[in-house]
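# Structural description and commentary
Each chain is listed here by its residues.
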Amino acid sequence: MGFDLKMQQYVDWKIYNVTKIKNGFGYRVVLIYMDGTKISQQKSGFSTKKAASADRDKTMGELYAGTYVVYSNVKVRDFMVFWLEDEMRPQITSSSYETYSNVVHNHIIPKLGGIKMTELKRSHVQKLYNETAAYSVSVARITKTVMNTSMRYAQSRKIISNNPAVEVALPKQVGKKPYHTRNIDAQKTLNTEQIQTLIKASESTPIHMQVLFAVLMGLRRCEINGVKYSDVDYINRTLCIQRQLGKKPNTAAEDFPAKSFTKQEIGLKTSSSYRTIPIPDYVFEAILEQRKIYEKNRRRRPAAFQDLDYICCSSYGRPRSKGFHWKHYKKLLQENNLPDIKWHDLRSTFCTVLLKNDFNPKAVSQLMGHAKEIITIDVYGDTAEIIEDCLDELQPFIDDVVPKAETEEKNDFSKDDYMDCLERFLA
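If you're wondering where the values come from, they're calculated on a predicted model, not measured in any experiment. (Residues numbered from 1 in each chain as written. Predicted model: local features only at pLDDT ≥ 70, side-chain atom pairs only at ≥ 80, totals over all residues. Heavy atoms only, no water.)

## Considering the nonpolar core
Which entries qualify depends on this criterion: The criterion is simple. A nonpolar core is a set of buried Ala, Val, Leu, Ile, Met, Phe, Trp, Tyr and Cys residues joined through side-chain atoms within 4.5 Å. A 1.4 Å probe rolled over the protein chains alone gives each residue an accessible area, and that area as a share of the maximum for its type sets the label: buried under 20%, exposed over 50%, partly exposed in between. Here a helix means four or more residues in a row that DSSP labels H or I, a strand means two or more in a row labelled E, and each is numbered from the N terminus. Any two residues whose heavy atoms approach within 4.5 Å at even a single point are treated as in contact.
Counting 53 residues, the largest nonpolar core has Phe213, Leu219, Leu239, Ile287 and Leu346 as the members making the most contacts within it. Secondary-structure elements contributing two or more residues to this core are α6 (192–202), α7 (208–215), β7 (238–241), α9 (281–300), α10 (325–335), α11 (344–356) and α12 (361–368). The element best represented in this core is α9, accounting for 7 residues. If sequence neighbours within four positions are ignored, Leu239 has contacts with Phe213, Met217, Leu219, Val227, Asp231, Val232, Arg275, Thr276, Ile277 and Ile279. Among the nonpolar cores identified, the runner-up in size contains 48 residues, and Met80, Tyr100, Val104 and Tyr153 belong to it.

See the structure below:
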């Protein structure tokens, strides 16, 4: 069900006296719009004239205050579907949409769907939170986010006069999550020796560059798949993160060529995710090596090769899918006796090692692309002796974790020599 949101934009109104309507009493409200259009709403069903008059006085007060509810018969299920599909879907990522959709259709609508929005109470919301918390703590937190966001929207559009989700708390067993705080479990990260092992072992796999971008630069999985050679500043040795690959909001698989639905270029997670970060020497030279392979494949397959400029791509230039790394990554962990951690934990490993080495948390947040996020790791104790700006100090950390033999063989090129070096390297 959709809503004509223009109904809330009335510029004047008239309210008529109570009169007899059918077997009871009621009154009419006429909303007047800028173009002269008038919409009449009948308020009826009152058993006595006194009850109708009391409701008329209440309505008049709301009209004067600008809080009059224009959409009086909308049910929660209809509003939530409208809010999710028409308001949220066009502006959030596909993964966020799927998370919200799961909560709306599997938890909110089954429990509250038949209630009118104007009759929704704090007690209804509290019961919803209690039941979802019994099911899953994480689902309860997402449900609270969805309810707070959707009810604020409903109030702003005069679908409700008061927000029933305001100050309704999750049950006590759901601990409050600190605002803008990320707690990293050190048990789900690799140590320096394990990082070296993973990097070395990945050299013979198709995911070597993905491993380097994750564990030595802290990029998110979808950011890695979206990185292009044109994002590399070869003079200053920096990488501009400005896109990711995924599903475009409000689209379907049939809208795109086969096997490309989940490989569309989309915006990043937050505004802070758009960032320019330094490229460690080890990763920089790996990019140059990968570019040689890219150019070789392009020459070998001039007709079939898709010259899309992605660093992590197939031998035909096609971008990698979201789950391409999985089987290679799991095999690497098993064959090298490494902890069975998630791929995203490589990003946490990068963050954790920096913080363990006293890098400034604010600078680490900038490298990670966090939105004003304070990163806390309780197990690492005092970080009083911090580095004020870790961006220029990143290289010593990389020198410690990459395979020593290969690091020591590198030549130290000046910035003026980089372009000449590239031409010779790619020849």
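There's plenty left to go through after this.
## Describing the packing of aromatic side chains
Convention followed: Only Phe, Tyr and Trp rings take part, Trp by its six-membered ring, and two of them pair if their centres are within 6.5 Å. Stacked means planes under 30 degrees apart, edge-to-face means over 60, and tilted covers everything else. Counting as a charge over the ring demands two things of the Lys NZ or Arg CZ atom: a distance within 6 Å of the ring centre and an angle within 35 degrees of the ring normal.
Tallying each qualifying case throughout the model produces 10 aromatic pairs. Look at Tyr329 and Trp343: their rings are 5.1 Å apart centre to centre, the planes differ by 85°, and that puts the pair in the edge-to-face class. In this pair, Tyr329 is assigned in helix α10 and Trp343 in the loop between α10 and α11, connecting sequence segments 14 residues apart. An identical accessibility class is assigned to Tyr329 and Trp343; each is buried. Through successive ring pairs, a cluster of aromatic residues spans Phe79, Phe82 and Tyr153. Residue placement shows Arg301 over the ring face of Tyr316; its charged tip is 4.2 Å from the ring centre. Positioned above the aromatic ring of Phe324, the side-chain terminus of Arg320 is 3.8 Å from the ring centre.

## Focus: the pairing of β7
Each regular strand displays side chains that alternate between the two surfaces of the sheet. The condition is simple: In this scheme, strands are said to pair when DSSP sees at least two bridges between them.
Of the pairings in the sheet, the one linking strand β6 (residues 232–233) to β7 comprises 2 bridges and is antiparallel in character. Pairing of Val232 across the sheet is with Leu239, part of β7. A loop of 4 residues connects β6 with β7, the two strands running antiparallel in sequence, and Arg237 in this loop sits at a positive phi of about 55°. Note: β7 against strand β10 (residues 275–278), 4 bridges, orientation antiparallel. Residue Ile241 lies in a different strand from β10, and its bridge partner there is Arg275.

## Quick word on unusual backbone geometry
A positive phi angle, close to 60°, is found at Lys158, a residue other than glycine. Note that Lys158 resides in the loop between α5 (137–156) and β5 (181–183). Residue Lys259 is not a glycine yet carries a positive backbone phi of 65°. Summarising the element assignment, Lys259 is placed in the loop between β8 (244–246) and β9 (264–266). What makes Lys259 exposed here is its relative accessible area of 78%.

## Looking at the environment of Thr37
Where we set the bar: Any N or O atom pair separated by 3.5 Å or less is treated as a polar contact, with the protein-specific requirement of one donor-capable and one acceptor-capable atom, and with residues adjacent in sequence counted only for side-chain atom pairs.
With respect to the helices and strands, the residue Thr37 is situated in the loop between β3 (24–32) and β4 (38–46). Here Thr37 falls in the partly exposed class, since its relative accessible area comes to 36%. Between the C-alpha atom of Thr37 and that of Tyr10, which follows or precedes it by 27 residues, the distance is 9.2 Å. A polar contact of 2.8 Å, which involves the side chain of Thr37, links it to the side chain of Asp35.

## Digging into the layout of surface pockets
Counted only if it meets this: Cavities and pockets were defined on a 1 Å grid built from protein atoms only: a cavity is a group of points that admits a 1.4 Å probe but offers it no way out, a pocket is an open group of points flanked by protein on both sides within 12 Å along at least five of seven lines, and a lining residue is one with an atom within 4 Å of any such point. Grid points are joined across faces, edges and corners, and a volume is the space filled by probe spheres set on the points. Under this grouping Gly is polar, as are all residues other than the nonpolar Ala, Val, Leu, Ile, Met, Phe, Trp, Tyr, Cys and Pro and the charged Asp, Glu, Lys and Arg.
If you add up the space inside the second largest pocket, you get close to 630 Å³. Of all the secondary-structure elements, those providing two or more residues to the lining of the second largest pocket are β4 and α1 (49–65). Examining the composition of the lining of the second largest pocket, we find that 5 residues originate from one element, β4, more than from any other. Within the lining of the second largest pocket, the residues separate by chemical class into 10 nonpolar, 9 polar and 6 charged.

## As for helix α2 (residues 76–88)
All buried positions along α2 are accounted for by Val76, Phe79, Met80, Phe82, Trp83, Leu84 and Met88. Those residues of α2 that are buried lie in contact with α3 (94–112) and α5.

## A few points about the state of the cysteines
Operational definition: A pair of sulfur atoms, both from cysteines and within 2.5 Å, is called a disulfide here.
In the structure shown here, the tally under the stated rule is 0 disulfides. This cysteine, Cys313, is not joined by any disulfide, and Cys312 carries the nearest cysteine sulfur, 7.8 Å off.

## A look at α7
Where burial is concerned, most of α7 is hidden: 8 out of the 8 residues are buried. Buried residues of α7: His208, Met209, Gln210, Val211, Leu212, Phe213, Ala214 and Val215, and no others.

## A word on the pattern of salt bridges
Using the following cut-off: Whenever a carboxyl oxygen of Asp or Glu lies within 4 Å of a side-chain nitrogen of Lys or Arg, that contact is scored as a salt bridge.
Using the criterion set out here, one finds 15 salt bridges in the structure. Its salt-bridge partner being Lys247, residue Glu98 comes within 3.0 Å of it at the nearest N-O pair. Of this pair, Glu98 sits in helix α3 while Lys247 sits in the loop between β8 and β9; the two residues are 149 residues apart in sequence, bridging distant segments of the chain. Since its relative accessible area comes to 27%, Lys247 is described here as partly exposed. Residues Lys331 and Glu335 are paired through a salt bridge, measuring 3.9 Å at the closest nitrogen-oxygen approach. Residue Lys331 and its partner Glu335 are located together in helix α10, separated by 4 residues, close to a single helical turn. Judged by relative accessible area, which is 48%, Lys331 ranks as partly exposed. What emerges from the salt-bridge pattern is a single network uniting Lys228, Asp231, Arg243 and Glu265.

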